[in-house]
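Spelled out from the first residue to the last, the chains are:
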Amino acid sequence: MSQIVSEILAANANYVSQFGEKGKLALPPARRFAILTCMDARLDPAKYAGLSEGDAHVIRNAGGRASDDAIHSLVISHKLLGTLEWFVIHHSNCGMELFTDDVIADLLDDDLGTAKFDGKAWSNSHHSGGHAAGHFVKWHTIANQAASVLQDVRRIREHPLVPAGIPIYGYVYDVHSGRLEEVKEATAAGRAKK
Ligand SMILES: [Zn+2]
């Protein structure tokens, strides 16, 4: 067993020993909201937004982008599980700012192993076994955090399966302070319509 697998199973055994009443939680989120945010390891939505098990839906992907898949989860979150308010939370120093669709597609085309970043550019350590499939993917990279939050809030707002009555709030999480900074233009674009 890998070191990480052992560590996770040990942590889980500890969690189980303190699980208590959580087995009785209802399936729908008790506080009736959902957060779409980045997978960045420095972000812990349970901590930065004060969530406990059973409170809310957290949908994560690279960048916290409003991809089709993320929107499908949000639609399920409201339609079947009753959430009434949604947050789009991107963050400063996001890895999605460090490359473009062409950059990642070229890197993958050359080699599938982990690339290196020297602070300016990405490069592969090896050059074999790549694949061209990356050229056909839209990676949803980010040039500007406030702009990406606005774009995503607008995209969700305008989606035909999203009811007009759900407010969508836009924020950028600051990785240096832990603070959520509102993107006012995004929250305005995400305002609920009656
Ligand atoms: Zn990120």
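Residues numbered from 1 in each chain as written. Predicted model: local features only at pLDDT ≥ 70, side-chain atom pairs only at ≥ 80, totals over all residues. Heavy atoms only, no water.

### Notes on the side chain of His-57
Part 1 of the reasoning: With respect to the secondary-structure elements, His-57 resides in strand E2 (residues 57-61).
Part 2 of the reasoning: Polar contacts involving the side chain of His-57 include one to the side chain of Ser-77, which spans 2.7 Å. (Helix = DSSP H or I, 4+ residues; strand = E, 2+ residues; numbered from the N terminus. Polar contact = N/O pair within 3.5 Å; in protein donor to acceptor, adjacent residues only side chain to side chain.)

### Let's talk about helix H3 (residues 68-79)
Part 1 of the reasoning: Helix length check: H3 (twelve residues) gives 16 Å between terminal C-alpha atoms against 16 Å at 1.5 Å per residue, within 8%.
Part 2 of the reasoning: For H3, the complete set of buried residues consists of Ala-70, Ile-71, Leu-74, Val-75 and Ser-77. Down the axis, H3 shows its buried residues gathered within 155 degrees of arc, on one side only. For H3, exposure combined with an orientation more than 90 degrees from the buried face picks out Asp-69 and Lys-79.
Part 3 of the reasoning: Those residues of H3 that are buried lie in contact with strand E1 (33-38), E2, strand E3 (85-91) and helix H5 (145-157). (Expected span 1.5 Å × (residues − 1). Buried < 20%, exposed > 50% of the residue type's maximum accessible area, 1.4 Å probe, protein only. Arc of directions from axis to C-beta. Contact = heavy atoms within 4.5 Å.)

### Quick word on the layout of surface pockets
Part 1 of the reasoning: In this structure, the largest pocket spans a volume of roughly 440 Å³.
Part 2 of the reasoning: As for the largest pocket, its lining consists of 22 residues, and the residues nearest its centre are Gly-95, Met-96, Phe-99, Ile-104 and Trp-122.
Part 3 of the reasoning: Among the residues forming the lining of the largest pocket, the class breakdown is 15 nonpolar, five polar and two charged. (1 Å grid on protein atoms, 1.4 Å probe; cavity = no way out; pocket = protein on both sides within 12 Å on 5 of 7 lines; lining within 4 Å. Points joined across faces, edges and corners; volume = space filled by probe spheres on them. Nonpolar A, V, L, I, M, F, W, Y, C, P; charged D, E, K, R; others polar.)

### Some points on the nonpolar core
Soluble globular proteins: nonpolar side chains tend toward being buried together.
Part 1 of the reasoning: With 20 residues, the main nonpolar core has Leu-36, Trp-86, Val-88, Val-149 and Ile-156 as its most contacted residues.
Part 2 of the reasoning: For this core, the elements supplying multiple residues, two or more each, are E1, H3, E3, H5 and strand E6 (168-173).
Part 3 of the reasoning: The residues touching Ile-156, leaving out its near neighbours within four places in the chain, are Leu-36, Ala-66, Ile-71, Leu-74, Trp-86, Val-88, Val-162 and Ile-168.
Part 4 of the reasoning: In terms of nonpolar packing, the next biggest core, distinct from the first, is built from 16 residues, Tyr-48, Ile-89, Phe-99 and Ile-142 among them. (Core = buried A, V, L, I, M, F, W, Y, C linked by side-chain atoms within 4.5 Å.)

### Focus: the pairing of E6
Part 1 of the reasoning: With six of six residues buried, E6 is to be regarded as a mostly interior element.
Part 2 of the reasoning: Residues Ile-168, Gly-170 and Val-172 of E6 are buried on one face, and the alternating residues Tyr-169, Tyr-171 and Tyr-173, pointing to the opposite face, are buried as well.
Part 3 of the reasoning: Across six bridges, the pairing between E3 and E6 is parallel. Considered in E6, the bridge of Ile-89 is made with Tyr-171.
Part 4 of the reasoning: Sheet topology places E6 next to strand E7 (residues 180-182); three bridges connect them, and they run antiparallel. Along E7, the bridge assignment pairs Val-172 with Glu-181.
Part 5 of the reasoning: Connecting E6 to the antiparallel partner E7 that follows it, the hairpin turn spans six residues, and Gly-178 within it adopts a positive phi of roughly 85 degrees. (Pairing = 2+ DSSP bridges.)

### Here's the deal with the packing of aromatic side chains
Part 1 of the reasoning: Scanning the entire structure with this criterion turns up six aromatic pairs.
Part 2 of the reasoning: Ring centres of Tyr-15 and Phe-19 lie 5.5 Å apart, and the angle between their planes is 70 degrees; this geometry places the pair in the edge-to-face category.
Part 3 of the reasoning: For Tyr-15, a relative accessible area of 35% gives the class partly exposed.
Part 4 of the reasoning: Seen from their ring centres, Tyr-48 and Tyr-173 are 4.9 Å apart, and the 35 degrees between their planes marks the pair as tilted. Of this pair, Tyr-48 sits in helix H2 (residues 45-48) while Tyr-173 sits in strand E6; the two residues are 125 residues apart in sequence, bridging distant segments of the chain. Pair check on accessibility: Tyr-48 and Tyr-173 agree, each one buried.
Part 5 of the reasoning: Aromatic rings pair up to connect Phe-33, Phe-87, Tyr-169 and Tyr-171 into one cluster. (Phe/Tyr/Trp six-rings, centres within 6.5 Å; stacked < 30°, edge-to-face > 60°.)

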